[in-house]
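Summary of structural features
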Amino acid sequence: MTTSEPASSFSCSSLAALEARLAQDLACLGWPARPWMPVRQAGGETVLDVAIIGAGQAGLAAWVALAQLGIRAVVFDRAPAGSEGPWATTARMETLRSPKELTGPALGLPALTFRAWFEAQFGLAAWTAMDKIPRLQWMDYLVWYRRVMGVDVRNDTAVTAIEPLPDATGVRLALRTPAGEHSVLARRVVLATGRDGLGGPAVPAFVGALPRSKWAHSSDEMDYGRLQGLRVGVIGAGSSAMDSAATALEAGAHSVELLIRRTDLPRVNKGKGAGVPGLTQGHYDLPDELKWRIRHYINVLNVPPPHGSTLRVSRHPNAFFNFGCPVLSVEPQGEGMRVTTPKGDFAFDFLIVSTGFKVDWASRPEFAAIAPHVRTWKDRFVPAPGDEDQELADSPDLGPAFEFRERVPGECAGLGRIHCFCYPAALSHGTVSGDIPAISDGAKRLAGGIASLFYREDFEHHWANLQAFAEPELFGDEWTPAPPPHERNRSTD
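Residues numbered from 1 in each chain as written. Predicted model: local features only at pLDDT ≥ 70, side-chain atom pairs only at ≥ 80, totals over all residues. Heavy atoms only, no water.

1. Observations regarding the overall build of the protein chain
In terms of helices and strands, the protein chain carries 15 helices and 18 strands. Considering only C-alpha atoms, the protein chain reaches an extent of 115 × 60 × 50 Å along its principal axes. Here the protein chain holds 493 residues, and the buried ones make up 49% of them. Expressed as a percentage of contacts within the protein chain between residues at least 6 apart in sequence, the contacts between residues at least 24 apart total 72%. (Helix = DSSP H or I, 4+ residues; strand = E, 2+ residues; numbered from the N terminus. Buried < 20%, exposed > 50% of the residue type's maximum accessible area, 1.4 Å probe, protein only. Contact = heavy atoms within 4.5 Å.)

Okay, here's the thing in structure tokens:
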């Protein structure tokens, strides 16, 4: 057996021992914490403390971090169980891009780490021999994580509308399930919606010349087997471009031409160089110009595709790296297309655009009620000439608990009850809300911030509980009152 096979194909005896160890660790830590939140009702309806949208690794980590603080949450995800996030659907890398040693969503619990889960099944020698974590095995781990931590996930549930209520009641979520449509009310909502958390794929205008059947974005769910024997063009040279190109080649594409705007590939991952605890914990408190400087610098230099992903493409003799080839135009040509670049024309049967994601409120109808009111960084900060960056300008300007802020105060009461715990939070908080390296730090910050907000809102409730608290520590028979000193002196004469 290879270590890329699903965990279910192995003996679970060692895994059972790990789960017993984890349960003991949780008991020693008093996890989950004692509930302390008052149960709220509104019009006879029970109000959820927190609703989390998205059951990928960010949503799972957020739920566990909230549970650690005694806050009840429910997670909604539109995907069937086992298909949350990109790992088993749209991701096409063979392995994760992060170093295997990173602890991801384990929240400081050694028995909850991928390494512990892996070694329990395959042993230390297999861990030592492994370079990076196989992608589907990471999904297996997240399924296990959800089970052992008892995360309350409602699958096959799409959120179709998010409406902050004008009073302090909370946020109304409209839900669509196979059984029909209904709604729930939550005091706070966390958007753990991933890389495209506030929008969708960034699609270049030139694909508008093509039928939709002739192109795909690298994030689309697609059967790459349909590319067998076809001439395929891939726009871009990032990680997803390499993964798409390799998958097409492995599916039997006649050829794959990567059209790369740059004259060379970036060689250094500057984002990795920025990943120190000081920045993880301190990014939010930096002045605006320093936040912008760091994120813009990383955007401009770009993150190189992983070494293994690039080799996965270049080992094919029918793969071609075309540098200095921005697309000038695309025109249908027979059953295919002609793509014009400064280096010449290319004839393709199918085009894959790997052009990333963008904040695009219009593409997410569930955000219609809040989109016009969210304050963004272009409302907050004007960069120096030459440092303009559309991705950063469109990023939401978030508060300390990842909460949205109103563009015009008072126009969308309740907007601050929605927390953006997904990639567009990076400019405000750093990369702590989606990527593996610091997801636990982000989840703890989110949970702590929400706990503070709840306590402030419910202060009178907690004040009344404090006044009514009457559990005695002493019962009156633990001592004998001493007589006054003069009486004690007299008794000894």
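The structure having been displayed, the exposition proceeds.
2. What to know about the pairing of strand β14 (residues 336-341)
Along a regular strand, successive side chains alternate from one face of the sheet to the other. Of all six residues in β14, five are buried; the element is thus mostly enclosed. The pairing of strand β13 (residues 329-333) with β14 spans five bridges and is classified as antiparallel. Across the sheet, the residue bridging to V330 is V339, located in β14. In sequence, β13 turns back onto β14 through a hairpin of two residues, with G334 there showing a positive phi of about 65°. As paired elements, β14 and strand β15 (residues 344-348) share five bridges and run antiparallel to each other. Note that in β15 the partner of M337 across the bridge is F348. What sits between β14 and β15 in their antiparallel hairpin is a turn of two residues. (Pairing = 2+ DSSP bridges.)

3. A word on the sheet that holds strand β11 (residues 255-260)
Spatially, the five strands line up as an open sheet ordered β9-β16-β10-β11-β12, and their pairing is parallel. Each edge of the sheet is formed by a strand with only one pairing partner; in this case those strands are β9 (215-217) and β12 (319-323). Neighbour-to-neighbour, the strand axes of the sheet open up by a mean angle of 20°, direction not taken into account. Two strands pair when backbone bridges link them, and β9 and strand β16 (residues 350-353) are joined in this way by three bridges, in the parallel orientation. Pairing of H217 across the sheet is with V353, part of β16. (Axes fitted to C-alpha atoms, helices over the stretch in contact; angles between N-to-C directions.)

4. Some details on the packing of helix α3 (residues 114-122) against helix α5 (residues 135-148)
One way to put it is that α3 packs onto α5 with a least axis distance of 10 Å and a crossing angle of 100°. Classified by the angle between their axes, α3 and α5 sit roughly perpendicular to one another. In contact with F114, W117, F118 and F122 of α3, α5 contributes Q137, W138, D140, Y141 and W144. Along the lines of polarity and charge, the residues of the contact of α3 with α5 split into seven nonpolar, one polar and one charged. (Parallel < 35°, antiparallel > 145°, perpendicular 65-115°, else oblique. Nonpolar A, V, L, I, M, F, W, Y, C, P; charged D, E, K, R; others polar.)

5. A look at the sheet that holds β14
Taken together, three strands build an open sheet; the order of strands is β13-β14-β15 and the sheet is antiparallel. Whereas interior strands pair on both sides, the edge strands pair on one side only; in this sheet they are β13 and β15. Between one strand axis and the next, the sheet turns by 25° as a mean value, whatever way the strands run.

6. Re the confidence of the model for the protein chain
Low pLDDT means the predicted atomic positions in that stretch should not be read closely. Looking at the protein chain as a whole, the pLDDT averages 94, with 97% of positions reaching at least 70. A low-confidence stretch, residues 1-11 (pLDDT under 50), is modelled with 18 contacts involving residues beyond four sequence positions or located in other chains. (pLDDT = per-residue confidence, 0-100.)

7. Examining the nonpolar core
Counting 90 residues, the largest nonpolar core has I52, M149, L173 and F404 as the members making the most contacts within it. Apart from the residues lying within four places of it in its own chain, the contact partners of F404 are L191, L198, W361, I370, V374, P396, L398, L415, G416, I418 and C420. Counting residues in hydrophobic clusters, the runner-up holds 22 residues, among them A216, Y224, A241 and I352. (Core = buried A, V, L, I, M, F, W, Y, C linked by side-chain atoms within 4.5 Å.)

8. As for the side chain of T341
Note on placement: T341 falls in strand β14. Taking the relative accessible area as the measure of exposure, T341 reaches 5% and is therefore buried. Within the structure, T341 has its side chain in polar contact with the backbone oxygen of G344 (distance 2.9 Å). Ignoring anything within four residues of it in the chain, the contact list for T341 reads L259, C325, P326, L328 and F346. (Polar contact = N/O pair within 3.5 Å; in protein donor to acceptor, adjacent residues only side chain to side chain.)

9. Quick word on unusual backbone geometry
P32 follows W31 through a cis peptide bond whose omega is 5°. Note on placement: P32 falls in the loop between α1 (13-29) and β1 (40-42). Residue L107 is not a glycine yet carries a positive backbone phi of 55°. In this structure L107 comes out as buried when scored by relative accessible area, which is 4%. Its identity is not glycine, yet N302 carries a phi of approximately 70°, on the positive side. You can see N302 is positioned in the loop between α9 (288-301) and α10 (307-314).

10. Things to note about the environment of A55
On the secondary structure map, A55 appears in the loop between β2 (45-53) and α2 (57-68). The sequence separation of A55 and M37 amounts to 18 residues, and the corresponding C-alpha distance is 23 Å. Setting aside anything within four residues of it in sequence, one finds A55 in contact with L60, V75, F76, D77, E84 and V153.

11. Some words on the packing of helix α6 (residues 239-250) against α10
Where α6 contacts α10, the axes come no closer than 8 Å and their chain directions differ by 35°. Taken as a pair, α6 and α10 cross one another with a handedness that is left-handed. Contacts between α6 and α10 involve M242, D243, A245, A246, T247, L249 and E250 from the first element and S309, T310, R312 and V313 from the second. Of the residues that constitute the contact of α6 with α10, the class distribution is five nonpolar, three polar and three charged. (Left-handed = near helix turned anticlockwise from the far one by under 90°.)

12. Notes on the state of the cysteines
Put plainly, a disulfide is one covalent bond tying together the sulfur atoms of two cysteines. Per the stated rule, a full pass over the model turns up zero disulfides. In this structure C420 is not part of a disulfide, and its nearest cysteine sulfur, from C422, lies 3.5 Å away. (Disulfide = S-S within 2.5 Å.)

13. Some words on the environment of A129
With respect to the helices and strands, the residue A129 is situated in helix α4 (residues 124-129). What makes A129 exposed here is its relative accessible area of 67%. Each C-alpha atom of the pair A129 and T103 lies 18 Å from the other, and the pair is 26 residues apart in sequence.

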